[in-house]
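Analysis of the macromolecular model
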Amino acid sequence: MSNNYAIKTPHAAVIIWNYDDRLSKENTSKATQQKVNQLIISTVSCREIHTSKSKGSPNGNFQFSLAPTKNWVSTITPGSWCALLMTNEPISEDDLKRSADYRKVKMLGKIESVHLSVRAGDGGERTTNYIVSGVDWGYFFNNNIYIDPKISGDDVNLANPLCR
């Protein structure tokens, strides 16, 4: 009896789009406020990724853990956008620089928090991780948007129940 098992190594990467100007400089101009810096986190720094999404909520959640290769708290800004890539196939450099392959993108979302986590094991060893968490793009549907019909400039018939 022959057992045919295939062992596949998962690959992961994160692309983060940070704003260059974090509105902390004295000379902030409108031209520099919208400049974006792309940060690529490869499998070397990314230790684990968790994603979850349910049918009862418009948005999903993600959390990924990074190795302490640099101070990620000062590098990653809450409010930045990111794309989580997860696949059993290797992620090439082309997958990260050009538009991402839709088969490898697991989630697109907004980063809400970045913090340092240090745990002590049973033997006294320390494990240091940076934890990044956020929500996917569906969080937008949790917001209420109020639009004044008179802003459009068109004559709106407020007596019509469809225009209220």
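Attention here is on the structure that accompanies the text. (Residues numbered from 1 in each chain as written. Predicted model: local features only at pLDDT ≥ 70, side-chain atom pairs only at ≥ 80, totals over all residues. Heavy atoms only, no water.)

**A word on the packing of aromatic side chains**
Counting across every chain of the model gives 2 aromatic pairs. Centroid distance Phe-62 to Phe-64: 6.1 Å. Interplanar angle 10 degrees. Geometry classified as stacked. Seen in terms of ring centroids, Trp-81 and Tyr-139 are 6.2 Å apart; in terms of plane orientation they differ by 45 degrees. Their pairing is tilted. Of this pair, Trp-81 sits in strand E5 (residues 81-87) while Tyr-139 is found in the segment after strand E7 (126-136), placing the two residues 58 residues apart along the sequence. Positioned over the ring face of Tyr-139 is Lys-110, at 4.6 Å from the centre of the ring. (Phe/Tyr/Trp six-rings, centres within 6.5 Å; stacked < 30°, edge-to-face > 60°. Helix = DSSP H or I, 4+ residues; strand = E, 2+ residues; numbered from the N terminus. Lys NZ or Arg CZ within 6 Å of the ring centre and 35° of its normal.)

**Considerations on the nonpolar core**
The biggest cluster of nonpolar side chains holds 19 residues, and the ones touching the most others in it are Ile-16, Ile-41, Phe-64, Leu-66 and Ile-76. At the level of secondary structure, the elements contributing two or more residues to this core comprise strand E1 (11-19), strand E2 (36-41), strand E3 (46-52), strand E4 (61-66), E5, strand E6 (105-120) and E7. Counting residues in each nonpolar core, the second largest holds 6 residues, with Ala-13, Leu-85, Ile-91 and Leu-96 among its members. (Core = buried A, V, L, I, M, F, W, Y, C linked by side-chain atoms within 4.5 Å. Buried < 20%, exposed > 50% of the residue type's maximum accessible area, 1.4 Å probe, protein only.)

**Structural notes on the pairing of E7**
Two faces make up the sheet, and in a regular strand the side chains alternate between them. Counted residue by residue, E7 has 8 buried out of 11 residues, so it is predominantly covered. Bridge analysis of E4 against E7 gives 6 bridges, and the strand direction is antiparallel. When the sheet's bridge partners are listed, Phe-62 is paired in E7 with Gly-134. Bridging between E6 and E7 involves 11 bridges; their strand directions are antiparallel. Each residue of the ladder has a partner; that of Ala-120, found in E7, is Arg-126. In sequence, E6 turns back onto E7 through a hairpin of 5 residues, with Gly-124 there showing a positive phi of about 95 degrees. (Pairing = 2+ DSSP bridges.)

**Let's talk about the environment of Ser-80**
In this structure, Ser-80 sits in the loop between helix H2 (72-75) and E5. For Ser-80, a relative accessible area of 1% puts it in the buried group. Along the backbone, Ser-80 and Ser-113 are 33 residues apart, and their C-alpha atoms lie at a distance of 9.9 Å. In this view, Ser-80 contacts Ile-16, Trp-17, Asn-18, Tyr-19, Gly-109, Lys-110 and Ile-111; residues no more than four positions away in its chain are not counted. At 2.5 Å, the side chain of Ser-80 and the side chain of Asn-18 are in polar contact. (Contact = heavy atoms within 4.5 Å. Polar contact = N/O pair within 3.5 Å; in protein donor to acceptor, adjacent residues only side chain to side chain.)

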